[in-house]
Every structure is written in C-alpha cells, then in structure tokens.
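Analysis of the macromolecular model
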Amino acid sequence: TLLYARWEELLLEQYERFMKDYISKTLALAVDQHARLQAIRIASVLLRAIPTGEAQLLAILVNKLGDSSIHATAAHELRLVTQEHPGIPVAREVQQFVFRPGHTAVLQGVQFLSQLSLRKDDLPGSLMDTYFKLFQVATQQYNNSAKQKVSSQGSKAKSASTQHQASNRLLSAFLTGITRALPC
C-alpha cells in the first residue's frame with residue numbers, strides 16, 4: 001500500500017504540473033486562438049471528470065470570462081460544469097471575479113450569472129446582492145465619467161455613444177438576472 005500511495009502522489013504531481021504548465025501557460029502565452037480554445041475545453045473536461053485541482057481549474061475558466069476573444073467559450077464550458085456538478089461553486093467564483101479591482105469584464109460576468117440555472121435556495125439572494133452592488137458601482141462609474149470632459153468634440157461623441165451602448169447592455173444584463181432570481 002505504501003508503493004501505491006507513492007505512485008498516487010507522483011501521479012497527482014504530474015497532473016498538477018500539467019495544469020500549471022500546459023493549461024495556464026497556453027492560455028497566457030499562446031497567440032493562436034485555436035490553442036487557447038482547446039486549453040479552455042481541456043480545463044473544462046478535467047474539471048468535470050476529475051475534480052482534483054478544482055480551485056485552480058475553476059479560476060482558470062472564470063478568468064477567461066474577461067478575455068474578449070474566448071469569453072463565449074469560457075462561459076459555455078462553465079455552464080457545462082454547473083450542469084454536471086452543481087456543487088462546484090462557479091457562481092461564487094464569478095461573483096468574486098466581477099468585483100476585482102481594475103476589472104473591466106463586468107458585463108461578461110453579469111451575463112454569465114444571469115444565465116445560470118437557479119437551483120439552490122441561497123443562490124438567488126446572493127445574486128440579487130451582487131447585482132445591486134454592481135449596479136451601484138456601475139452608476140458611480142458612469143456619473144464620474146460623465147463629469148470628466150473630453151478635449152475634442154469628435155472623440156467625445158464617439159466615446160459617449162460607446163459608453164451609452166455598454167451601459168445599456170450592462171443594464172439589460174442586470175435586469176435579466178434580477179428577473180430570473182426574483183421568482184425563486
């Protein structure tokens with residue numbers, strides 16, 4: 001049994017090295033989008049099949065919600081994880097993700113949260129708190145940016161239009177999430 005325990009320990013070390021070296025580095029350094037998408041899928045399959053290293057794999061997948069080129073794939077894979085393993089705290093990890101300082105991918109996080117299946121009793125209340133806190137932060141940021149003056153008139157109109165569209169999409173995601181969480 002001692003030999004078996006040592007073999008299991010070595011296998012676990014190899015698995016952790018694979019997660020660290022291949023998946024994390026591929027997602028961070030690969031220029032090829034196909035390689036990054038494949039790494040996302042592998043992380044999802046590993047998380048669904050072998051929950052060992054759950055925290056690391058979940059963090060990898062949630063962090064990719066902020067990557068504009070692969071966020072849709074990351075969201076899809078996270079949804080698959082929540083369907084197969086409802087006990088994995090995906091919603092909590094995404095809630096922490098959207099509150100990180102200097103984070104700009106709030107929209108992707110809120111959209112993901114608003115599309116979750118709400119099965120647990122505590123999740124809708126937690127999501128409501130998250131939506132309202134994020135709404136407060138978003139309105140403060142909108143008010144602060146509205147007070148700042150842009151020097152050129154052309155960039156001001158373009159900037160205001162882009163900001164207005166982003167605000168509308170974020171507000172729509174908030175409202176969708178709130179209406180889905182309220183009936184529960």
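Our structure's up above, just so we're on the same page.
The paragraphs below set out a description of the structure included in this document. (Residues numbered from 1 in each chain as written. Predicted model: local features only at pLDDT ≥ 70, side-chain atom pairs only at ≥ 80, totals over all residues. Heavy atoms only, no water.)

Concerning the overall build of the protein chain
Note the threshold: For the purposes of this entry, the term helix denotes a DSSP run of H or I that reaches at least four residues, the term strand denotes a run of E that reaches at least two, and both are numbered from the N terminus. Three labels apply to residues, based on accessible area from a 1.4 Å probe with only protein chains included: buried if under 20% of the type maximum, exposed if over 50%, partly exposed otherwise in between. Working definition of accessibility: Shrake-Rupley area with a 1.4 Å probe, residue cover restricted to the visible protein chains.
When helices and strands are tallied, the protein chain shows eight helices and zero strands. Counting from the amino terminus, helix and strand elements in the protein chain follow one another as α-α-α-α-α-α-α-α. Residues classed as buried in the protein chain amount to 34% of the 184 residues present. Counting every atom, the protein chain has about 11,300 Å² of accessible surface; 56% of that belongs to carbon and sulfur.

Some remarks on the pattern of salt bridges
What counts here: For salt bridges, the criterion is a side-chain nitrogen of Lys or Arg within 4 Å of an Asp or Glu carboxyl oxygen.
Following the criterion strictly, the structure yields six salt bridges and no others. Where salt bridges share partners, they join Arg36, Lys64 and Asp67 into one cluster.

Structural notes on the nonpolar core
Note the threshold: Buried residues of nine kinds, namely Ala, Val, Leu, Ile, Met, Phe, Trp, Tyr and Cys, make up a nonpolar core once their side-chain atoms join them within 4.5 Å. The contact rule is simple, with two residues in contact once any of their heavy atoms fall within 4.5 Å.
In this structure, Leu57, Leu65, Leu78, Val90, Val110 and Phe112 are the most contacted members of the largest nonpolar core, which totals 46 residues. Elements with a contribution of two residues or more to this core: α1 (2-29), α2 (33-49), α3 (54-63), α4 (71-84), α5 (90-98), α6 (106-114), α7 (122-147) and α8 (153-181). The contact partners of Leu65, leaving out residues within four places of it in the chain, are His71, Ala74, Ala75, Leu78, Val94, Phe97, Ala105, Gln108 and Phe112.

Concerning the side chain of Asp67
The test is simple: Each polar contact in these results corresponds to two N or O atoms within 3.5 Å; when the atoms are within protein, one needs to be able to donate a hydrogen and the other to accept it, and residues that are neighboring in sequence are counted only if both atoms are side-chain atoms.
Position of Asp67 among the secondary structure elements: in the loop between α3 and α4. Here the side chain of Asp67 touches Ser69 through a polar contact of 3.0 Å, side chain to side chain.

So, α3
Given 3.6 residues per helical turn, the α-helix brings residues three or four places apart onto the same face. Within the span of α3, buried status applies to Leu57, Leu58, Ile60, Leu61 and Val62. Against the buried residues of α3 lie α1, α2, α4 and α5.

A word on the packing of aromatic side chains
Defined as follows: Working definition: rings of Phe, Tyr and Trp (its six-membered ring) pair if their centres are within 6.5 Å, and the pair is stacked with planes under 30 degrees apart, edge-to-face with planes over 60 apart, and tilted otherwise.
Evaluation of the coordinates by the stated rule reveals four aromatic pairs. Geometrically, the ring pair formed by Phe135 and Phe174 is edge-to-face, given 5.9 Å between the ring centres and 80 degrees between the ring planes. On the criterion of sequence distance, the pair formed by Phe135 in helix α7 and Phe174 in helix α8 is long-range, its members being 39 residues apart. Taking the relative accessible area as the measure of exposure, Phe135 reaches 35% and is therefore partly exposed. With a relative accessible area of 3%, Phe174 lands in the buried category.

Describing α1
Worth spelling out the cut-off: A helix is expected to reach a length of 1.5 Å times the quantity of its residues less one.
An ideal rise of 1.5 Å per residue puts 40 Å on 28 residues; α1 measures up with 39 Å between its terminal C-alpha atoms. Residues of α1 that are buried: Tyr15, Met19, Ile23, Thr26 and Leu27.

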